[in-house]
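Geometric and topological summary
Letter by letter, the chains look like this.
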Amino acid sequence: MLVPGQNLPGIDAALETVENEFTYGPNGLWTLMGVVLDTTAVDSGNSPTTQLRKGLMLGKITATSLYADYDPTATDGTEEPIGILADGVNMLDMRTGSVRQKTGQMVYAGHIKSGSLYNFDEYARVRLGNRFIWDDLRF
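Residues numbered from 1 in each chain as written. Predicted model: local features only at pLDDT ≥ 70, side-chain atom pairs only at ≥ 80, totals over all residues. Heavy atoms only, no water.

1. Digging into the overall build of the chain
If you tally the helices and strands in the chain, you get one helix and eight strands. Along the chain direction, N to C, the helices and strands of the chain fall in the order β-β-β-β-β-β-β-α-β. Sequence separation of 24 or more characterises 60% of the internal contacts of the chain that already satisfy a separation of 6 or more. Element-wise, carbon and sulfur atoms account for 54% of the exposed surface of the chain, whose accessible area totals about 8200 Å². (Helix = DSSP H or I, 4+ residues; strand = E, 2+ residues; numbered from the N terminus. Contact = heavy atoms within 4.5 Å. Areas by Shrake-Rupley, 256 points an atom, 1.4 Å probe, with all protein chains shown as cover.)

The structure is reproduced here in structure tokens:
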């Protein structure tokens, strides 16, 4: 079955992936929730930046209630870390070549390897410390 925007015929750019396991412990030690990612979501440490990597810290845009990359210097709501992107998401619409809103899964609570996260900082550790157990056990 052809899913709109996916599996389009033709030659496309090579896709390389890197597995990033940022959770640890037996299954069930983390809580997932579905989110809608805003068109402004980028992964500034990746190329292309429209390919959001698994383990990217997310914040919630106050005006729209959509999610985007956590940015401690922002003033739109994404300056507050909310959770972690559970799987990679390509924000490009393959039919049009432009970014669009996409759905994804966010880890809201659980056991996390802090060294495997993207856009993670000390502020995020403190703000999320009541929902996450970090593997380095810093207090």
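2. Observations concerning the pattern of salt bridges
Two side chains that carry opposite charge are able to pair once their charged atoms sit near each other. Within this structure, the stated rule accounts for seven salt bridges. For R100, the salt bridge goes to D93, with nearest N and O atoms at 3.5 Å. The exposure class of D93 is buried, given its relative accessible area of 8%. R125 is the salt-bridge partner of E122, the closest N and O atoms lying 3.7 Å from each other. Placement of both E122 and R125 in helix α1 (residues 122-128) is noted, with a separation of three residues, approximately one turn of the helix. Under the relative-accessibility criterion, E122 is labelled partly exposed at 42%. (Salt bridge = Lys/Arg side-chain N within 4 Å of Asp/Glu carboxyl O. Buried < 20%, exposed > 50% of the residue type's maximum accessible area, 1.4 Å probe, protein only.)

3. What about the pairing of strand β5 (residues 81-85)?
Burial analysis of β5 places four of its five residues in the buried class, the great majority of the element. As defined by bridge partners, strand β3 (residues 57-60) adjoins β5 across three bridges and the pair is classed as antiparallel. Its bridge partner lying in β5, G59 is registered against P81. The sheet contact formed by β5 and strand β7 (residues 102-112) spans two bridges and is antiparallel. Bridge pairing in β7 links I84 to V107. (Pairing = 2+ DSSP bridges.)

4. So, the confidence of the model for the chain
Residues at a pLDDT of 70 or more form 85% of the chain, whose mean pLDDT is 87. Contacts from residues 1-5, a stretch scored under 50 in pLDDT, to residues over four places away or in other chains number four contacts. (pLDDT = per-residue confidence, 0-100.)

5. Observations concerning the nonpolar core
Ranked by size, the top nonpolar core spans 13 residues in total, and within it L37, L52, L58, L85 and M91 carry the most contacts. Of all elements in the fold, only β1 (30-37) and β4 (67-69) reach the threshold of two or more residues within this core. Excluding its chain neighbours within four sequence positions, the residues that come into contact with L58 are L37, A68, D69, Y70, E80, P81, I82, G83, I84, L85 and M106. The next biggest cluster of nonpolar side chains, apart from the first, holds 12 residues, and it includes A86, V107, L117 and L128. (Core = buried A, V, L, I, M, F, W, Y, C linked by side-chain atoms within 4.5 Å.)

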